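So the chains spell out like this:
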Amino acid sequence: MSTDFSKYQSIINKLRGEVGSNDFESKFAALTKNLPKTEKFLLKMELKRLASPCTRLIDLRGLVDGECKPYEHDGRVHFLDDIAVKTFEENLAYYGDYTFGVYDATMNTENNFRVIYQKEKEQLLAPDATSKPASIVEKTQYPAALIVNEIYYDRKEERMNYVIKVTVVAEEATFEAMTSDISVSGCKLRLTDNHRLHLDQDIKLEFTGLESEFVFGDKKLYQYQVRNIHMAGDVQLVGLERIDIPETSKDGFKKFLVGYIQGNKHRYKINLDNTMQALQSRAFEQFALPKSNELAVFIKNQEGVLTPKYAMTCANNFGLYQYWQDESHQSTLAFLLNSERLNRLKKAAALGKTLLVYCFVHKTNGKYYFYSADEQQLKTDTSFKQQFLGFAANKDNFAIFQLSFIEVNHALAEIPFTLSNVIKNKDLYLNLPASAEVKNIIAQLPYLVTVTEVATKDITSEYQKLNYEGLDKSKIRQFGHKRKVEKIYVDEVGISYSNQRQEARFIYNTPVVVSQKKVTWQGESKDFSISGLKILLEKPAVLSKGDIVYLSFPQLQKISSKFDLKNLPYEIVRINKKKDILNLRVHVEKHQHIGRSFFKLLIEKNRDKLKPDEYAQMIPGLAKALRNIYAHSFKTPALMVQTSGSRYKTEVIFAGEQPQGIFTEMKRLSDSSTHYNLYPILHHPKIFDSIDSTLKRLHADDDPVTDVLYISINPSKVLYENAVLTKRESELSTPEMKRMFIKRALKKGEFYCLELKLSRANEPEMEYLNPELTYIGTYAIHRAKQLEQEIWSVAGVIQVFDITQDALTRYQLFNLSLNG
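Residues numbered from 1 in each chain as written. Predicted model: local features only at pLDDT ≥ 70, side-chain atom pairs only at ≥ 80, totals over all residues. Heavy atoms only, no water.

Draft legend 1. Representation of the packing of aromatic side chains within the structure. Summed over the entire model, instances satisfying the criterion amount to 40 aromatic pairs. Summarising the aromatic geometry, the rings of Phe 360 and Tyr 371 are spaced 4.8 Å apart at their centres and angled 5 degrees between planes, so their arrangement reads as stacked. A residue pair is termed long-range when its members are at least 10 positions apart, and Phe 360 in strand β13 (residues 355–364) and Tyr 371 in strand β14 (residues 367–374) qualify at 11 residues. Taking the relative accessible area as the measure of exposure, Tyr 371 reaches 17% and is therefore buried. Put simply, the rings of Tyr 162, Phe 207, Phe 214, Tyr 222, Tyr 224, Phe 253, Phe 256 and Tyr 260 touch in pairs and so form one group of aromatic residues. Positioned above the aromatic ring of Tyr 310, the side-chain terminus of Lys 309 is 5.6 Å from the ring centre. (Phe/Tyr/Trp six-rings, centres within 6.5 Å; stacked < 30°, edge-to-face > 60°. Helix = DSSP H or I, 4+ residues; strand = E, 2+ residues; numbered from the N terminus. Buried < 20%, exposed > 50% of the residue type's maximum accessible area, 1.4 Å probe, protein only. Lys NZ or Arg CZ within 6 Å of the ring centre and 35° of its normal.)

Right under this line is the structure:
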C-alpha cells in the first residue's frame, strides 16, 4: 500500500536538501511534533527517498502543454519544456544533486496533462465527494512501471558513499571541500560556486578528515586529476582520479583505502542501484526475448548493397523464418528484404514509420515461387492495389509483414555484469568480452530489421472480400522474385540463454560408458565440442547436476593409441527430468584434460567431415553478441504477467527503449508520474479474464494466444470510462462495424489497433542472474530476496504490436470500395 504524502507537502518543501545536514533531526522533530509515530517514520523514509540519487531520464514530449527540447545534465539528456527546466533547476539547487525529489517535481509540473486531468477530475467529482471516489480510481487505474533495457556500465571499483573533509591544493588557491563518495583510485568532491576547477586539471588532496583518526604513511598530499565536472545548481560535482599511485613500491594510502572500504562497505552504503537495475533489466530480458513473436534480421552492408545475414529465431517466431524457406529448406529472406526495399524502409524509418509488405507463395511442380509487394510499390495505383490484395488474400499462404528499421549500436554487443571487478572465478565464463573476430563481424552489420506478421484469420478474411475481377495478372509478375542461382545465405541464430556455447559443437554418435561409484551406464554421444558433449543413456541414471562422472569411449579408443580415452572426468551441467540425457563439460582434476586434447585434434583433422548441430555457432560468442544488440534495440513493448496469490497481475512493461504510440496516451492517463496506466488494454473484462484463464492452461512450449483490440481515445473527456473505448476483434464481427468504429474514433480523437500475443514464460536461467543477485544479497539480503521473488513470479509475457497502420489501410480500401 502506498502512502499519500500530499498533505505533508509543506514539510517536504521545507526539508528539501536537508536530509544530510547536521541539524536535520532537530528540524524534522520540530516540524513533525504533532504527528503520530507511524506517520513520522513513513515521512522520514519518504524524505530520504527524495534525497537519494536518481538515474532516470525524463522525457516529457507529449506529456506537457509546452515545447520540449533536449536538456543535458550530468551526462544525461532529458527532454523538458521551459516550466520543467525551471522546476528541475530550482529543486536541483535545494537537493544539490539529481535526486528522486528533483525527478518527482519535474514530472508533476502544473502544465503536465496528467496533473491537469487530475485537477479537472477532482473539480468534476467534488459535488459527489460522498459517493465513492475510491472505487472510481480503483477501476480506472491499472498502473505499470516501465523497465527500459538500458546499458548499465560496470564500475572498475566499488564506490562507497562517504563524506569526509579534504583540503584541495590547486594552482590558484588552497581551500577545504567535502567528498560525496570514495574509491581506491578516485573520489568525488562537492564544491561551491566560489571555487572552480577545470577538466584535466592536476590538483593535490590532503585527507584531513581521515588523518585525524588514521595513520597511513608519512605522505600527506596525494595527486589527483579532474576527470569530469557536473553542475548541480551552484554546486560542482567533481570526479577525480588519483594519478600518483606507485607501480612498484608499496603505497600506504592505497592499502589503507582497500582495507577501509572492504571493512566498512557493510556499514556505509555501497551504491547498489546500478546493479539492482541491471539485474532487473537482465531478468525481464530473459523472459521477453525467448518469447519474441517478431523475427530480428541483421543486415550486412557489402560494398553499398544491403542484404540479410543473420536471423534470430525462437519457438514463437520460427514460423516467420520457415515462411521464407524454399522447397529445399534454404532461406529466401533476401526476397523479402531485398536491397531496394531496405532502402525504402530506411527512408520510412527516418519519418518514424514502418513498412507493410503483402506476400504469397505459388507452389507448382514441387517448386516455390515467392511474390511480395510493399505499400510503397502499390501506392501509385489504388485500383490495382485493391485487386492485388484481393487476389493475394485468396491464396492459401497469404501473409502481411510489418517491417521496422533499426540502426545498430555496435557497443551493445558487450553487456558486462555490474560487479565492479568482484566477479568470482567460477562465473568468469558468463561475462566474457566479445572476441576480435566477433567484433569484426558485428562491424559489418549496420542495421537490424524486425519482421512481424500482422494478418490474423479475421484480417485475412477482410482482404478476401476485396473484388479482384478484371485483374491484369501480367502486372503481378513484376512482384515475383526470380529464383537465383547464387543464393544469399541467411544464418539462423537461436535466441537462447540456456544454450550459450563458447565453442562449435558437432553431431557425432559413438558408444560411451558412464561410471560413478562403481555404477556404470551405457549410452551414446549425440554431439560434442572441445570442452563438452551430450550423451543419451540407454536407461535413466541416478545422477544430478554438478555430479562428476567418468567417461570411456571404447570405439574411439580403437582408432587412437596416442590418447587414453578411459575414465575421463566430466561434470554434469544439465540433466533432463527423465534422467537419460546428460550435458557434460570437462572437469580438470590435475593438469591437462585428455578428452579436451583428443576432441580438439579430432575437430582440426575432420572439420570438413563433421556436421555442426542446429544451434552450433562457428564463431564462438557471436550468438551472445547479436542477442545483446537485439535485446537493447527491442522496440516492441512486452507486458510481464506475474503471479499474485492465486491470480495474476500485469504491472511491468519491458522494452529496449521508451515506447511510443498508445503508450504515450497511457502515460498521460496515469495518476502517477512514474507509471503507465494500462486501462485501454486491461479494463475490458474479457481481456483480463482471458489473460487469467488462458495462462492457467498454457504451457511454455505452446503457441502464443492472439487477440486484436480496437481502441478509441477521446482526450477531451475527463472520465476514463467516457474517454476510452476498447473492443475486441470478435466484437466487431463485420468490416462495416470495424469501419464505423474507426470513423468515430478518428472523429473524436485517436485510434489504435493492437495485436496482443500471450505466451507462457520459460523458467529463468538463474545461472546468468546469480552473480549479481548474490552480490546484492551480500549487502542487502532483503532486497535480493525481493528481487528473486519478483523474477520467479513471472508467469507470462504479452507482446503488444501496434498494427494501426494496417487497420487504417483496410479502412481506406473499404471506403474506396464502397465509393467505387
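Draft legend 2. Here's a closer look at the sheet that holds β13. Strand order in the open sheet formed by seven strands is β14-β13-β15-β16-β11-β12-β17, with mixed pairing between adjacent strands. Taken across any chain shown, the strands that pair with only one partner, and hence form the sheet edges, are β14 and β17 (491–494). Along the sheet, successive strands turn relative to each other by an average axial angle of 30 degrees, direction set aside. In the sheet, strand β11 (residues 295–302) pairs with strand β12 (residues 305–313) via seven bridges, with the strands oriented antiparallel. (Pairing = 2+ DSSP bridges. Axes fitted to C-alpha atoms, helices over the stretch in contact; angles between N-to-C directions.)

Draft legend 3. A look at the pairing of strand β3 (residues 143–148). In terms of strand pairing, β3 meets strand β28 (residues 675–677) through three bridges, oriented antiparallel. Paired with Ala 144 across the strands is Tyr 676, a residue of β28. Of the strand pairs in this sheet, β3 and strand β27 (residues 647–655) are connected by four bridges, and their pairing is parallel. Note on β27: the bridge partner recorded for Leu 146 is Ile 653.

Draft legend 4. Structural detail: the packing of helix α2 (residues 24–31) against helix α3 (residues 37–51). The interhelical angle for the contact between α2 and α3, taken along N-to-C directions, is 135 degrees, at an axis separation of 12 Å. One way to sum up the angle between α2 and α3 is to call them oblique. Crossing of α2 over α3 shows right-handed handedness. Contact residues: Phe 24, Glu 25 and Phe 28 in α2; Lys 40, Leu 43, Lys 44 and Leu 47 in α3. Considered class by class, the residues forming the contact of α2 with α3 number four nonpolar, no polar and three charged. (Parallel < 35°, antiparallel > 145°, perpendicular 65-115°, else oblique. Left-handed = near helix turned anticlockwise from the far one by under 90°. Contact = heavy atoms within 4.5 Å. Nonpolar A, V, L, I, M, F, W, Y, C, P; charged D, E, K, R; others polar.)

Draft legend 5. Molecular detail of unusual backbone geometry. Phi at Glu 303 takes a positive value of approximately 55 degrees, unusual for a residue other than glycine. Counting through the fold element by element, Glu 303 comes out in the loop between β11 and β12. Residue classification places Glu 303 among the exposed residues on the basis of a relative accessible area of 83%. For Lys 518, which is not glycine, the phi torsion reads 65 degrees and is therefore positive. Positionally, Lys 518 belongs in the loop between β19 (511–516) and β20 (519–528). Assessed through its relative accessible area of 88%, Lys 518 is described here as exposed.

Draft legend 6. How the structure looks around the pattern of salt bridges. Overall, the coordinates contain 24 salt bridges when judged by the stated rule. With its nearest N and O atoms 3.3 Å apart, the salt bridge here joins Arg 647 to Asp 692. Of the two residues, Arg 647 is situated in strand β27 and Asp 692 in helix α23 (residues 685–697); the sequence distance between them amounts to 45 residues. In this structure Asp 692 comes out as buried when scored by relative accessible area, which is 7%. Beyond isolated ion pairs, a larger network of salt bridges with shared partners links Lys 219, Arg 242, Asp 244 and Asp 251. (Salt bridge = Lys/Arg side-chain N within 4 Å of Asp/Glu carboxyl O.)

Draft legend 7. Spotlight on the packing of helix α10 (residues 273–288) against helix α26 (residues 770–779). Interhelical geometry of α10 versus α26 gives an angle of 145 degrees and a closest axis separation of 10 Å. Between α10 and α26 lies a crossing of left-handed hand. Touching Thr 275, Met 276, Ala 278, Leu 279 and Arg 282 of α10 are Glu 772, Leu 773, Tyr 775 and Ile 776, all from α26. Of the residues contributing to the contact of α10 with α26, the split by class is six nonpolar, one polar and two charged.

By themselves, these figures tell us nothing about what the structure is for.
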